[in-house]
Amino acid sequence: MEINKHLDSTYLKTAAQAGISETETLANVKALVQECIDNDFVLAMIRPEYVAMAKEMIAAAKSNVLVGTVIGFHEGTASIEAKLAEAEKAINNDVDELDYVVNYTAFKAGKINLVKSEVFKGTKLALDNNKKAKWIIEVAALTNEEIAQLATLIKEVVLANFGEAHAQDVFVKSSTGFFKTEDGKPNGATFEAMEIIKEYASPLAIKAAGGVRTYDDAVKMVKMGVERIGTSSAKKIFDGKEAAAGY
């Protein structure tokens, strides 16, 4: 299997989170983009401030690698207006895909109309500008029932407002990779969670982010119907090596 055709290679740590300088962070992002170019990964997933730089590198290399960025990252609690403003800035920098963190906290609190509104407005902004939208639901923060309910909500908003013709332009994505779990529980994609998302989000596309650390697991995810895999260890997975614990 050409697993590289399913990999979104990811670097989302800030300098403070990584305990390094801004200069070192920029070097890490550049190295990630170059790795995407060299290995023909689908997409480089980076923070918004690096989008323009990444697009310049890819254009100079005459590569087809896409650039994605995160919106409302990583808590998802920013206002709809703030998320849209962040997304518009990324669009102006020619981003290809927008990975919004859905306000899963509001969803858990029963604020369903708020969540429906942000899914509609965020998706509309992306599709109106010929971008793909991904909605990160943070499976580690949800029960299996809540995963099913939130995946269904996103699907219903997308199909009702944009039609099945756009189903593959909108993803339900598992995780940010930054959620803090207890007792060593996984904070990223699990096979169980992705099965639930696949069942309830279909015909929307799905993305497994975090927790996929081997080539065999990546292949299994794809065979389940996962279109994309977000990982900070894309090269190791591509080379058939087991990635260390982490995103």
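Quick caveat: nothing in here was measured; it's all calculated off a predicted structure.

Participant: Is there a simple way to explain the pattern of salt bridges in this structure?
Facilitator: Two side chains that carry opposite charge are able to pair once their charged atoms sit near each other. Per the counting criterion, the structure on display carries 17 salt bridges. The residue E97 makes a salt bridge to K134 at a minimum N-O spacing of 2.4 Å. Placement of E97 in strand β4 (residues 97–101) and of K134 in strand β5 (residues 132–136) is noted, with a sequence separation of 37 residues between them. Measuring nitrogen to oxygen at the nearest pair gives 2.8 Å for the salt bridge that ties K173 to D99. Placement of K173 in strand β6 (residues 170–173) and of D99 in strand β4 is noted, with a sequence separation of 74 residues between them. For the pair shown, K173 and D99 are each scored as buried. What emerges from the salt-bridge pattern is a single network uniting D8, E97, D99, K134, K173, K207 and R228.

Participant: Help me out: how do you make sense of helix α9 (residues 215–224) in this one?
Facilitator: Note on helix geometry: an α-helix contains 3.6 residues per turn, so any two residues three or four positions apart are oriented the same way. For α9, the full list of buried residues reads A218, V219, M221, V222 and M224. At its buried positions, α9 is contacted by α8 (191–201), β7 (205–209), β8 (228–231) and α10 (234–238). Positive backbone phi, at 115 degrees, marks G225, one or two positions downstream of α9.

Participant: Help me out: how do you make sense of the side chain of R228 in this one?
Facilitator: Summarising the element assignment, R228 is placed in strand β8. For R228, a relative accessible area of 7% translates into the label buried. At a separation of 2.7 Å, a polar atom in the side chain of R228 contacts the side chain of E97. Discounting residues that sit within four places of it in the chain, R228 has contacts with H6, D8, V42, L43, L66, E97, K132, K134, F171, I206, K207 and A208.

Participant: Please explain unusual backbone geometry as it appears in this structure.
Facilitator: With the exception of glycine, the majority of residues adopt a negative phi angle, and the majority of peptide bonds are in the trans configuration. At the junction of F73 and H74, the peptide bond is cis and its omega measures out at 0 degrees in the coordinates. Secondary-structure assignment places H74 in the loop between β3 (66–71) and α4 (80–92). The residue after S202, namely P203, is reached through a cis peptide bond having omega 15 degrees. Among the structural elements, P203 can be located in the loop between α8 and β7. Positioned with a positive phi, K62 is a non-glycine residue whose angle comes to about 55 degrees. The exposure class of K62 is exposed, given its relative accessible area of 76%.

Participant: What is the right way to look at the packing of helix α7 (residues 144–162) against α8 in this model?
Facilitator: Between two packed helices, the angle of one axis relative to the other and the distance separating the axes together describe the packing. Between α7 and α8, whose axes approach to 8 Å, the crossing angle comes to 35 degrees. Judged by the sense of rotation from one axis to the other, the crossing of α7 with α8 is right-handed. In contact with N144, I147, A148, A151, T152 and K155 of α7, α8 contributes E192, A193, I196, I197, Y200 and A201.

About the cut-offs
Residues numbered from 1 in each chain as written. Predicted model: local features only at pLDDT ≥ 70, side-chain atom pairs only at ≥ 80, totals over all residues. Heavy atoms only, no water. Salt bridge = Lys/Arg side-chain N within 4 Å of Asp/Glu carboxyl O. Helix = DSSP H or I, 4+ residues; strand = E, 2+ residues; numbered from the N terminus. Buried < 20%, exposed > 50% of the residue type's maximum accessible area, 1.4 Å probe, protein only. Contact = heavy atoms within 4.5 Å. Polar contact = N/O pair within 3.5 Å; in protein donor to acceptor, adjacent residues only side chain to side chain. Axes fitted to C-alpha atoms, helices over the stretch in contact; angles between N-to-C directions. Left-handed = near helix turned anticlockwise from the far one by under 90°.

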